[in-house]
Protein chains: 2
Amino acid sequence: MGSSICLGYLGPKGTFSEIAAHKYSQGKGWQLVECSSLEDIVNGVVSGMLDKGIVPVENSTEGSVGIVYDLLAGSCDLAIEGEIIVPVVHSLLARSKISTKRIEKVFSHPQALAQCRNFLRKNLPHVCWQECTSTAAAAVLVAESEQPWAALAPASAAAVYGLEVLIPQANDYPNNMTRFFAIGREQLSLTSTHCKTSLLFGVCDRPGALYLVLREFALRGINLTRIESRPAKNKLGEYIFFLDFLGSTADPAVQDLVRNLSKITTYLKLLGSYPAAE
Amino acid sequence: MGSSICLGYLGPKGTFSEIAAHKYSQGKGWQLVECSSLEDIVNGVVSGMLDKGIVPVENSTEGSVGIVYDLLAGSCDLAIEGEIIVPVVHSLLARSKISTKRIEKVFSHPQALAQCRNFLRKNLPHVCWQECTSTAAAAVLVAESEQPWAALAPASAAAVYGLEVLIPQANDYPNNMTRFFAIGREQLSLTSTHCKTSLLFGVCDRPGALYLVLREFALRGINLTRIESRPAKNKLGEYIFFLDFLGSTADPAVQDLVRNLSKITTYLKLLGSYPAAE
C-alpha cells in the first residue's frame, strides 16, 4: 500500500468525483484518498502529499467550475494528464419510501440543485432547498435526521448511507454529464491521435487581440473544443482565457502554434496534453 | 405611484443589487420592487409585472453569474438597456462588537464567501461557513439569532438590521466590482459614442468556427470587451457564446457586422445596446 499511487478526490464517499476517480484508476491498484475541498486536492498534488487528483471542470447543464480554473491558473508545476466524463444522474433520496408531498426540505450541492431546478419547481414546489458542500454530504444529513427531508445525490449513495430512492432521475436535462480533469505534476508527451491539450493565456485590451490568437489555430486547422474566460481578479473587464483543443504538445504543428502564441499573448501557460475521453 | 416605472432587484433590502438599482434609478422617481430570485426578476419583466429589472452578470473576482446568462438566452423579448458597475466591499457584521475569535459561524451568499475565501482562511480559520440566498439574508439570520455568528454583507446592511461592523473590508481583492445589467422589453437605438452591445450565438463544431466570428469584429476594428461561453445544455461540449463589444446597433458598421454574423452562426440573438458604464 505504502508505495502505491495516491489519487485524491472530493469526498465524502458517494460523490460523482468518487465515481470519476474509480473510472480513472480502474485496474491500476491506486489508493483513493478522500479530500474535503478542491483546494486540498490541488494543494495536495502540488506539495506531493498526493500523486494525482481528480477535479470537476464543467457540467453540461451548469457550466464551468470556476474555482478549478482559478486553482489551475494559480498553481505552478501542475499538469493535466487525463479527462474523465461521468454521466450525472441525480436521484431523490430519503430515509424511507415516503410520498414526495411529505418532504419539507431538499438538500444537495448547489450545482445539483441547479441541475434539478425545473424538476423541483414542478414536482416539489412546496419544499425549501438547502445547499450542502457535496451531494454525499446531503445524503449524510438526510440519513442522520428524523425530519421528512430528502437529498439529491447519486443513486449509489443510497446504498452507502442506507437511504431509499424516491425518484431515480431528477435532473432537468437527461444528457447531464460532468467532465473531470486528472491532474499530476508532470506533463505527458503523447503521440496518440486522439489527444487534447489545455492552455491558458492573457491578451492586451485591443481590438482583435483574441482574434489573433484564434487565428493561429485556424491557420493550422486545429479544432478548439472549449474556450472559457475567467476574471483576472485585479480589475473588472480583464480576463484569463482557457482553451482546450485537439492535438498534443508532441505534434510539430502544436509546437509551432505554441511558439507563435507566446509572441502574441501577454502570458501563456501550457496545462498539459492528455488522451481525450470517449 | 401607480403609473411610475417598476424596477425589480434581488432583495431583501441591503443587497448590492439594491445599491445597483438605486444607482440606476437615481433621480427618476421609479418604484423599486424587491424580488426573491433572479428568475422572478427576468420573468417579471417578460410578463410585464415589472417594467425593468437589475441582474448581476459578472464579478471581478468570481466571474460570471451563469444563471443570468441562461435566463437571457432562454427569454424572448428581453433587451439589455443599461450596465451598472458597483464596487463590492464585504464587511464582517455581528450583533455586537465581539472579538472575531469568538465567532463560530459566518453566513453569506456563496459568491461573497468565495470573494472573502483567503481572508476567512487566514483570520477566522476556526469558523464554519454557511451559504445563504443573499448577503442581506445572511445579515437577517445573524441579527435574529443569539449565537456568536457573523455575516459578510455590505456595511450599509449593518444599519438596516442593527448590526455592528467588526471588519470593514473582508474581500480578498480590493478592486472587487460587480457588473449588473438593467433589462427591459425594448431594444434601444443609441447614437452615443460610448455604447456597448451584447449578443449571443452558436457555431458549428468545426475548426475555425469561432475564429470566423471574431474575424468579423477584427475586420471592422470593433473591440470585444467580453466573451463568455455557457453550456448549450443538450450535450457536453456544445456551447452558447455571449459577446459584449463597443458600439451600438445604430452604427452602420455594427449593422453590417450583424448581417454577416447571421450568415456564419447557427443562431444569433441581439440582446441590446446600452450606454457603457464609466
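Just so we're clear, the structure is a prediction, and the values are computed from it rather than from any experiment. (Residues numbered from 1 in each chain as written. Chains lettered and ligands numbered in written order. Predicted model: local features only at pLDDT ≥ 70, side-chain atom pairs only at ≥ 80, totals over all residues. Heavy atoms only, no water.)

Right, let's talk about the pairing of strand 3 (residues 52-59) of chain A for a bit. Residue and element names in this part refer to chain A. Most of strand 3 sits inside the fold, with 8 of its 8 residues counted as buried. Note that strand 1 (residues 6-10) and strand 3 share 2 bridges and pair parallel. Bridge pairing in strand 3 links Gly8 to Gly53. Across 6 bridges, strand 3 lies against strand 11 (residues 177-184) in antiparallel orientation. Residue pairing for strand 11: Gly53 is matched across the bridge by Ile183. Where strand 3 lies against strand 4 (residues 63-64), 2 bridges are found, and the strand directions are antiparallel. The partner of Glu58 across the bridge, within strand 4, is Ser64. Where strand 3 folds back on strand 4, the antiparallel hairpin that results is connected by 3 residues. (Buried < 20%, exposed > 50% of the residue type's maximum accessible area, 1.4 Å probe, protein only. Helix = DSSP H or I, 4+ residues; strand = E, 2+ residues; numbered from the N terminus. Pairing = 2+ DSSP bridges.)

With that settled, consider the interface of chain A and chain B. A common way to report how large an interface is uses the accessible area buried once the components associate. Taken together, the 45 residues of chain A in the interface contact 44 residues of chain B. Ranking the residues of chain A by area buried against chain B places Tyr211(A), Lys233(A) and Leu236(A) at the top, with a combined share of 20%. At the junction of chain A and chain B, the tally comes to 4 salt bridges. Here Arg117(A) makes a salt bridge to Glu39(B), at a shortest N to O gap of 3.4 Å. Applying the counting rule to chain A against chain B returns 20 residue pairs in polar contact (both at pLDDT 80 or more). (Contact = heavy atoms within 4.5 Å. Buried area = accessible area lost by both parts, 1.4 Å probe. Salt bridge = Lys/Arg side-chain N within 4 Å of Asp/Glu carboxyl O. Polar contact = N/O pair within 3.5 Å; in protein donor to acceptor, adjacent residues only side chain to side chain.)

Residue and element names in this part refer to chain A. On inspection of all chains with the given rule, the structure shows 13 aromatic pairs over all chains. Ring geometry for Tyr69 and Phe242: centres 4.6 Å apart, planes at 75°, overall edge-to-face. Here Phe242 lies in strand 14 (residues 239-246) and Tyr69 lies in helix 3 (residues 66-74), a separation of 173 residues in the sequence. In this structure, Tyr69 and Phe242 share a single accessibility class: buried. Taking the ring centre of Tyr24 as reference, the NZ or CZ of Lys28 above it sits at 4.7 Å. (Phe/Tyr/Trp six-rings, centres within 6.5 Å; stacked < 30°, edge-to-face > 60°. Lys NZ or Arg CZ within 6 Å of the ring centre and 35° of its normal.)

Moving on, we come to the layout of surface pockets. If you add up the space inside the second largest pocket, you get close to 940 Å³. Every residue lining the second largest pocket is counted, 41 residues in all, and those nearest its centre are Asp205(A), Gly237(A), Glu238(A), Tyr239(A) and Thr225(B). At the level of elements, helix 8 (209-219) and strand 14 of chain A together with strand 5 (79-87), strand 11 (177-184), helix 8 (209-219), strand 13 (224-231) and strand 14 (239-246) of chain B are the ones that each hand at least two residues to the lining of the second largest pocket. Looking at the lining of the second largest pocket residue by residue, the classes come out as 21 nonpolar, 9 polar and 11 charged. (1 Å grid on protein atoms, 1.4 Å probe; cavity = no way out; pocket = protein on both sides within 12 Å on 5 of 7 lines; lining within 4 Å. Points joined across faces, edges and corners; volume = space filled by probe spheres on them. Nonpolar A, V, L, I, M, F, W, Y, C, P; charged D, E, K, R; others polar.)

Moving on, we get to the nonpolar core. Counting residues in hydrophobic clusters, the biggest one holds 38 residues, and the most contacted among them are Phe217(A), Leu243(A), Phe217(B) and Leu243(B). With 6 residues, the top contributor of residues to this core is helix 8 of chain A. Here Phe217(B) is in contact with Ile222(B), Leu224(B), Leu243(B), Phe245(B), Leu257(B) and Leu261(B), once residues within four sequence places are set aside. (Core = buried A, V, L, I, M, F, W, Y, C linked by side-chain atoms within 4.5 Å.)

All right, on to the side chain of Glu216(A) then. Tracing the sequence through the fold places Glu216(A) in helix 8. A relative accessible area of 10% places Glu216(A) in the buried class.

Moving on to empty space enclosed by the protein. Sizing a probe to match a water molecule and rolling it over the atoms shows the empty space that remains. All names here are of chain A. Going through the model one piece at a time under the given rule, you end up with 1 cavity of 30 Å³ or more. Its boundaries defined by the atoms lining it, the largest cavity holds a volume of some 30 Å³. Along its surface, the largest cavity is lined by Tyr69, Leu72, Ile80, Phe181, Ser198, Leu199, Phe242, Leu243, Asp244 and Leu271. For the lining of the largest cavity, the secondary structure elements donating two or more residues are helix 3, strand 12 (195-202) and strand 14. The biggest single contributor to the lining of the largest cavity is strand 14, with 3 residues. Of the residues in the lining of the largest cavity, the class split is 8 nonpolar, 1 polar and 1 charged.

This brings us to the packing of helix 2 (residues 38-47) of chain A against helix 3 of chain A. Residue and element names in this part refer to chain A. In the contact formed by helix 2 and helix 3, the axes pass within 10 Å of each other and the chain directions differ by 20°. In terms of orientation, helix 2 lies roughly parallel with respect to helix 3. The handedness of the crossing between helix 2 and helix 3 is right-handed. Here Leu38, Glu39 and Val42 of helix 2 lie close against helix 3, whose contacting residues are Ile67, Val68 and Leu71. For the contact of helix 2 with helix 3, a count of residues per class yields 5 nonpolar, no polar and 1 charged. (Axes fitted to C-alpha atoms, helices over the stretch in contact; angles between N-to-C directions. Parallel < 35°, antiparallel > 145°, perpendicular 65-115°, else oblique. Left-handed = near helix turned anticlockwise from the far one by under 90°.)

We now examine the relation of the copies chain A and chain B. For the pair chain A and chain B, the superposition axis carries a translation of 0.0 Å, the fit reaches an RMSD of 0.0 Å, and the rotation angle comes to 180°. Taken together, these values place the two copies in the relation of a two-fold axis. Mapped onto chain B, 98% of the interface residues of chain A again fall at the interface, so both copies present the same surface. (Least-squares fit on C-alpha atoms with pLDDT ≥ 70 in both.)

With that out of the way, let us pick up the pattern of salt bridges. Applying the stated criterion to the full structure yields 32 salt bridges over all chains. Arg121(B) is the salt-bridge partner of Glu39(A), the closest N and O atoms lying 3.3 Å from each other. Of this pair, Glu39(A) sits in helix 2 while Arg121(B) is found in helix 5 (residues 117-123), placing the two residues in two different chains. A relative accessible area of 11% places Glu39(A) in the buried class. Its relative accessible area of 43% is what places Arg121(B) among the partly exposed residues. The shortest N-O distance in the salt bridge between Lys235(A) and Glu238(A) comes to 3.8 Å. Taking relative accessible area as the criterion, Lys235(A) reaches 48% and is therefore assigned partly exposed. Taken together, the salt bridges that share partners define one network made up of Glu58(A), Glu83(A), Arg179(A), Lys196(A), Arg226(A), Glu228(A) and Asp244(A).

Residue and element names in this part refer to chain A. Read across the sheet, 4 strands follow the order 13-14-12-15 without closing on themselves; strand pairing throughout is antiparallel. Two strands bound the open sheet, and with one partner strand each, they are strand 13 (224-231) and strand 15 (267-275). Recorded for the sheet is a direction-independent mean angle of 15° between the axes of neighbouring strands. Across 6 bridges, the pairing between strand 12 and strand 14 is antiparallel. Counterpart to Leu199 in the pairing with strand 14 is Leu243. Helix 3 contacts strand 12, strand 13, strand 14 and strand 15 of the sheet and is inclined by roughly 85° relative to strand 13. Each of strand 12, strand 13 and strand 14 is contacted by helix 8, which is oriented at about 15° to strand 14, the strand it contacts most.

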